[in-house]
Amino acid sequence: MTDPTDPARYAFEYPDEAGYPGEKGTLSQDQIVLIDEVTDDPHAPAFDFAVVNDEKTGIYEAIVGDREIAGLPYNVAGDDRLVLLATSVLPEFRKQGIATELIRRVLDDVRTQGKTVTVMCPIVHTFIEHNPEYADLIDPKHPGVTKGHR
């Protein structure tokens, strides 16, 4: 397990084109919980869920039964790139591997489509850092957030 008091673990810098010129992001407590999950909890979720890409609304949804329990919204940037915006998981489903598995399935789908990603979500960025087999999906011209230093 990594040191949860390490401030560099939670420091991210956003590219100027994100609309936050020179911005170093401060993560919310919700984001910190999900960062910890993708960093410290690589096991599969305790239960199965479906992932649906709702192209009309631009969100990958994690669904259990008829309930959306997590989501990863995105913007389409041309024919070959998605901008992944923000991973969210309902509080009662956190720390169960849902974020990790949702991100994995989204990135697998992106790969299948032959697309790249711009990562604006610190949770996705952290996931890719810890799963370098997905690093080739990051668009080299528009990578998105980067790890910052405090």
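The structure contained in this document is the topic of the report that follows.

Procedures and definitions
Residues numbered from 1 in each chain as written. Predicted model: local features only at pLDDT ≥ 70, side-chain atom pairs only at ≥ 80, totals over all residues. Heavy atoms only, no water. Phe/Tyr/Trp six-rings, centres within 6.5 Å; stacked < 30°, edge-to-face > 60°. Helix = DSSP H or I, 4+ residues; strand = E, 2+ residues; numbered from the N terminus. Buried < 20%, exposed > 50% of the residue type's maximum accessible area, 1.4 Å probe, protein only. Contact = heavy atoms within 4.5 Å.

**Some thoughts on the packing of aromatic side chains**
As enumerated under the stated definition, the model contains two aromatic pairs in all. With a centroid separation of 5.3 Å and an interplanar angle of 45°, the aromatic rings of Y60 and Y74 are classed as tilted. Pair noted here: Y60 is in strand β4 (residues 59-64) and Y74 is in strand β5 (residues 67-76), with a separation of 14 residues, a long-range link. You'll find Y60 and Y74 in the same group, each marked buried. Between F127 and Y134 the ring centres are 5.6 Å apart and the planes differ by 45°, which places this aromatic pair in the tilted class. According to the relative accessible area criterion, F127 is buried, its value standing at 0%. You can call Y134 buried: its relative accessible area is 6%.

**Some thoughts on helix α3 (residues 122-130)**
Counting buried residues along α3, seven of its nine residues qualify, which places the element largely inside the surrounding structure. Along α3, the residues classified as buried are P122, I123, V124, H125, T126, F127 and I128.

**Overview of the environment of A50**
Within the fold, A50 resides in strand β3 (residues 50-54). Between the C-alpha atoms of A50 and G65, which are 15 residues apart in sequence, the distance is 8.6 Å. In contact with A50, not counting residues within four places along its chain, are E61, A62, I63 and R105.

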